[in-house]
Amino acid sequence: SCLSPAQVQALEHIENDFRAAPELLQNIVRGMHKAMDLGLSKPDQTLAMLPSYIVGSATGNEKGRCLALDLGGTNFRVCEVLLLGQPGRYTMQQKKFKIPHTLKIAPATQLFSFIADGIHSFLEEFATPEERQGASCSAISLGFTFSFPVVQRALNYGELLQWNKGFTNPGAVGKDVVGLLQDALHTRGIEVTVTALLNDTVGALMACSYHYPNTVMGAILGTGSNTAYMERMSRITKFDPLAVTPGASAPKRQVCGEDEMVINMEWGAFDNEGNVIPYNRYDRMLDVNSTNPGCQMFEKRISGLYLGEIFRLAILDMVRLKLVFNGRISCALETPYILDTSVISTIVDDASPDFCEGTPVLEEKLGLQFTCAADRYIVRRVATLVAYRSARFAGAALGAVVLRRDDRLARSTSEEPLTLGIDGSLYEHFITFRENMVQSFRETVGEDNMTKLRIVLTKDGSGVGAAVAAIMNREGK
Ligand code: ADP
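Cut-offs and rules
- Residues numbered from 1 in each chain as written.
- Predicted model: local features only at pLDDT ≥ 70, side-chain atom pairs only at ≥ 80, totals over all residues.
- Pairing = 2+ DSSP bridges.
- Helix = DSSP H or I, 4+ residues; strand = E, 2+ residues; numbered from the N terminus.
- Axes fitted to C-alpha atoms, helices over the stretch in contact; angles between N-to-C directions.
- Contact = placed C-beta atoms within 7 Å.
- Core = buried A, V, L, I, M, F, W, Y, C linked by C-beta atoms within 7 Å.
- Buried ≥ 20, exposed ≤ 12 C-beta atoms within 10 Å, placed from the backbone.
- Parallel < 35°, antiparallel > 145°, perpendicular 65-115°, else oblique.
- Nonpolar A, V, L, I, M, F, W, Y, C, P; charged D, E, K, R; others polar.

Enquirer: Sorry if this is basic, but what is going on with the sheet that holds strand 5 (residues 140–146) here?
Expert: Spatially, 5 strands are ordered 4-3-2-5-8 in an open sheet, and the strand pairing comes out mixed. Since the sheet does not close on itself, it has two edges, and those belong to strand 4 (90–98) and strand 8 (192–198), each with one partner. Taken over all neighbouring pairs, the strand axes of this sheet differ in orientation by 25° on average, direction set aside. Looking at chain direction, strand 2 (residues 63–71) and strand 5 are connected through 5 bridges and run parallel. Bridge pairing in strand 5 links Leu69 to Phe144. Where helix 4 (residues 108–126) meets the sheet, its contacts fall on strand 2, strand 3 (75–84), strand 4 and strand 8, and the angle it forms with strand 3 comes to roughly 45°.

As structure tokens, then:
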């Protein structure tokens, strides 16, 4: 009512840009299924569909003590995990180490030496007396969560495809990262054996299945987005279970057709070709100015790294048309990636009539003052639309993966529902996002199926999940 006709028209245009109608969600499901089939049949497809070499999920009865190492950002973390052998029950101790910038560009051997030193200092503090004296009868096994693109050839063997996130250490690309870590440990005489290498989504799935054995997938909705799920071995046609890699441990048991393997989808790259989801003006602008144009196109629509930026581009457009903030442009508003997605959630989740939580946050971040009720309305509306589309797409994609396993869904019941473990700030902290995502998931899988499904927040895939994978391998399960 307080809006001018020009403002109404501009908002309608943006509504159209960010629509996520039921037909589009169905196209996402169909497109995802096709892309999954392709990725499972041939290497180097849009969806990488990487075999994790984890066969079967956890039972919740895994028992024992091991280490977990998490490397993927500014810190690495060492944990000691004691699985108590009852679903969801464990204890954990951990220590975080900051990685200095110089070590992210030093030769890989120096980075892995630094990590081995961290493991050593962790053990000094937490090891049993026997272990400290090197008197224990066997090495401690370690699960290694490594969040960089890797092609695995065994559970404990994976070649780095490329570094990202500011790491450039020469001497690692093309090498087995388990070997690099193991060598650094050996050099120091540290009695630790790396028994499992996994990515963070696989860790989320394993951690969730330790709580709920009927788990079918693990997903991350944070800075980036990706998913791992259990696939029937007979459908992973590109995979040769008998291929043996020198240096990797032999398969612990014969894999047969009825088994399931965890697949890391790398779904951020879904629809890079642009055949399924239309790009709007802001998607194009963001992509063209990104460090990886044409790549990770699905992730660019749904994950935390990008939502704030899409919102900024849309608001900047409105300001240039003099439809908001009296047409005043601040330096901040012209700065790429100045808005964190947590700002979007503050704006969208603020249900107060006078927008009392969103206002100060946004005014401070943008260095602009709201001038009238129309400004507040427009800003909130645009943020809501950007987040709505993202949540709807994420829900449809999750639904697509569940529908792919309609056999597992058919066998599940409301007493023992098929379970999805999700980690990441968008799911955990952004309430409206989560609600819209679940609604879109519901539309995708169908109301009837919802009683047989459960979504749970799964934290600590890189600790508990890695430990479960390491212990499953140690036991030769
Ligand atoms: P990771 O980097 O491991 O994925 P998170 O799951 O915490 O870590 O995700 C971080 C991303 O989530 C960032 O892009 C950040 O903007 C976004 N984020 C953090 N807090 C919130 C929040 N309360 N609401 C929405 N997004 C958030």
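Enquirer: Whenever I open this one, the nonpolar core confuses me. Can you help?
Expert: Nonpolar side chains tend toward joint burial in soluble globular proteins. Val386 and Val468 are the most contacted members of the largest nonpolar core, which totals 140 residues. The element that contributes the greatest number of residues to this core is helix 13 (residues 373–404), accounting for 17 residues. If we ignore the near neighbours within four places in the chain, the residues touching Val468 are Ala58, Glu62, Leu83, Met206, Ala207 and Tyr210.

Enquirer: How do you make sense of the packing of helix 7 (residues 200–211) against helix 18 (residues 461–474) when you look at a structure like this?
Expert: For any two helices packed against each other, the geometry is given by the interaxial angle and the distance between the axes. Contact geometry for helix 7 and helix 18: axes closest at 7 Å, N-to-C directions at 75°. Classified by the angle between their axes, helix 7 and helix 18 sit roughly perpendicular to one another. Counting all contacts with helix 7, which are made through Asp200, Gly203, Ala204, Leu205, Met206, Ala207 and Tyr210, the residues of helix 18 involved are Gly461, Ser462, Val464, Gly465, Ala466, Val468 and Ala469. By residue class, the composition of the contact of helix 7 with helix 18 is 9 nonpolar, 4 polar and 1 charged.

Enquirer: Help me understand the environment of Glu159, please; the structure alone is not making it clear to me.
Expert: Tracing the chain through its elements places Glu159 in strand 7 (residues 157–160). A residue is classified by how many C-beta atoms lie within 10 Å of it, and Glu159, with 18 of them, is partly exposed. C-alpha of Glu159 to C-alpha of Lys95: the two residues are 64 residues apart in sequence and 27 Å apart in space.

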